[in-house]
Amino acid sequence: MLKQLTNTMLALGFTALATTAWAEDYPKPVPLADGAQAPIEAIKPKNEKFRVAYMPPATEFNYYIAIGEGIKAVAAEEGVEVFMLAPQSGADINGQMGMIQDVLTQDVDAIIFGTHDEFAAAPLLKQAVDKGMAVVMINSDIPNFPTPIHGVVGYSQRNGTHKLADWASETFGSEPLKVAVIEGQPGYHSTERVGGFLDGIKDNENFDVVVSIDGKWNVEGGNTAGMDILQSHPDVDMIFAANDYMIIGASLAAKALGRSDIVLLGNDGDTSGLEEIAAGNVTATVNTSPFLMGKAAMHATIDALEGTYPGGWIETPTSIEDKDGAIRVLQEPEKLFPQPSKSY
């Protein structure tokens, strides 16, 4: 019943259930794994006007900027101070750790974070929890972060890419296809996204996965990976990448090699990815609505600081978008960041 209730709320765009304190702004949270929940009652805000650090893994990804725009929108409505601090590169793990260390010395009430290395971040975030800060992870569904935290906000990554695999099987799975996979840097996000896609295609005998390599989460890495794949496996028919940036890079490699016949699948719903789908350069993606995710994360963080958030994971919505669907999403630019390059 709870799962049906959550899915109904997601379909309605986080419609309120007035009988619960938290459901006005996001679905009812699902409990984290045993031992993974930091106590909400131990949060001790320092400032009358809450001060929140938004700490994504990198500024190179517009996806995290879109989440940040959702966070900022709620902060402006609620009178909360928020600032963003992140390295430029998603590969700069040490840079992000240094920034978290800096925030630990400041008068900050909460940290909303995403990371490409949960094990490096965990000891520092434990310090934040011990200091009485609210700590909320975004763009994830991890039930057992290596140290207890107060909340997790994001879509079901494995289920999202499984849905994409189901769509690919229904759309292209009637004939034998050679499939390549572009992973992200090793970590929870890559494991779940790649795992969901592979789970989704494993029962279709027409899909044959011939190679899987790291694309480093960015366009350049995806381009290098795509070029390597298509040169070493020229018979590849489909490439799945764990985010939109890498599949955009792979699409550039395909174009350079004159391969317009490849099915190209991404994940995120980044504005640039949606525009590439609308232009016919990428086939489809999992749209994860990052702006709505940011709004849900900020509402949950404020509630945690006020002691009304119960803890747990908040599931945010996903949809599979091909060309027609991407155009429909791009026709609502107020829900996107950055804005589309043109009107659709």
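Position numbers for residues count from 1 along each chain, tracking the sequence in the order it is written. Thresholds applied to this predicted model are a pLDDT of at least 70 for local features of residues and 80 or more for the giving and counting of side-chain atom pairs; totals over whole chains, interfaces and linings are not thresholded and use all residues. Side-chain measures were taken over the full set of non-hydrogen atoms in the model, leaving aside hydrogen atoms and water.

(A) Focus on the overall build of the protein. Secondary structure elements follow DSSP: runs of H or I no shorter than four residues count as helices, runs of E no shorter than two count as strands, and numbering proceeds from the N terminus. A tally of helices and strands in the protein yields eleven helices and twelve strands. We compute the radius of gyration over the C-alpha atoms and compare it with the globule rule, which gives 2.2 Å times the number of residues raised to the power 0.38. Computed over the C-alpha atoms, the radius of gyration of the protein is 20 Å, within 12% of the 20 Å expected from 2.2 N^0.38 for a compact globule of 344 residues. Its C-alpha atoms put the protein at 60 × 40 × 40 Å along the principal axes. The buried share of the protein, taken over its 344 residues, is 54%. Contacts were defined at the residue level, with two residues in contact if any of their heavy atoms lie within 4.5 Å. Summarising the internal contacts of the protein: among those between residues at least 6 apart in sequence, 75% fall at separations of at least 24. With the model as given, the accessible surface of the protein reaches about 14000 Å², and the carbon-plus-sulfur share is 50%. In the protein, 22 side chains carry a positive charge and 46 a negative one; their mean positions are 2 Å apart. Relative accessible area decides the class of each residue, using a 1.4 Å probe on protein chains only: under 20% of the type maximum gives buried, over 50% gives exposed, and in between gives partly exposed. Each accessible area value is a Shrake-Rupley result obtained with a 1.4 Å probe; residue values ignore everything except the protein chains displayed when judging cover. When charges are counted, Lys and Arg are positive and Asp and Glu negative, with His and the chain ends excluded. The atoms used to mark charge sites are NZ of Lys, CZ of Arg, CG of Asp and CD of Glu.

(B) Seen up close, the sheet that holds strand β2 (residues 81-84). Only strands joined by at least two bridges in the DSSP assignment are considered to pair. As summarised here, the arrangement of the six strands in space is β2-β1-β3-β4-β5-β11, forming an open sheet in which the pairing is parallel. Looking at the sheet topology across the chains shown, the edges are occupied by β2 and β11 (312-315). Across this sheet, the average inter-strand angle for adjacent strands is 20 degrees, counted without regard to direction. As paired elements, strand β5 (residues 151-154) and β11 share four bridges and run parallel to each other. Across the sheet, Val 153 pairs through a bridge with Ile 314, a residue of β11. In the packing of helix α3 (residues 93-104) onto the sheet, contacts are made with β1 (51-55), β2 and β3 (110-113), and the angle to β1 comes to roughly 175 degrees. The axes used here are C-alpha line fits, helices contributing only the stretch in contact, and every angle between their N-to-C directions lies in the interval 0 to 180 degrees.

(C) Summary view of the packing of helix α5 (residues 157-172) against helix α6 (residues 188-201). Interhelical geometry of α5 versus α6 gives an angle of 35 degrees and a closest axis separation of 7 Å. Judged by the sense of rotation from one axis to the other, the crossing of α5 with α6 is right-handed. Judged by residue contacts, Gln 157, Arg 158, Thr 161, His 162, Ala 165 and Asp 166 of α5 engage Tyr 188, His 189, Thr 191, Glu 192, Arg 193, Gly 195, Gly 196, Phe 197, Asp 199, Gly 200 and Ile 201 from α6. Throughout, the ten residues Ala, Val, Leu, Ile, Met, Phe, Trp, Tyr, Cys and Pro are labelled nonpolar, Asp, Glu, Lys and Arg are labelled charged, and all others, Gly among them, are labelled polar. Classifying every residue of the contact of α5 with α6 by side-chain character gives four nonpolar, eight polar and five charged. For any helix crossing, the convention is left-handed if the near helix is rotated counterclockwise from the far helix by under a right angle, and right-handed if that rotation is clockwise.

(D) View of the side chain of Gln 96. By the element assignment, Gln 96 lies in helix α3. Exposure remark for Gln 96: the relative accessible area of 2% places this residue in the buried category. Polar contacts, as used here, are pairs of N or O atoms within 3.5 Å; protein pairs need one atom able to donate a hydrogen and one able to accept it. Residues neighboring in sequence count only if both atoms are side-chain atoms. Among the polar contacts made by the side chain of Gln 96, one reaches the main-chain carbonyl oxygen of Gly 114 at a distance of 2.7 Å. Once residues lying within four places of it in the same chain are set aside, the contact partners of Gln 96 are Met 55, Pro 56, Pro 57, Pro 87, Gly 114 and Thr 115.

This is a description of form; function is not addressed.
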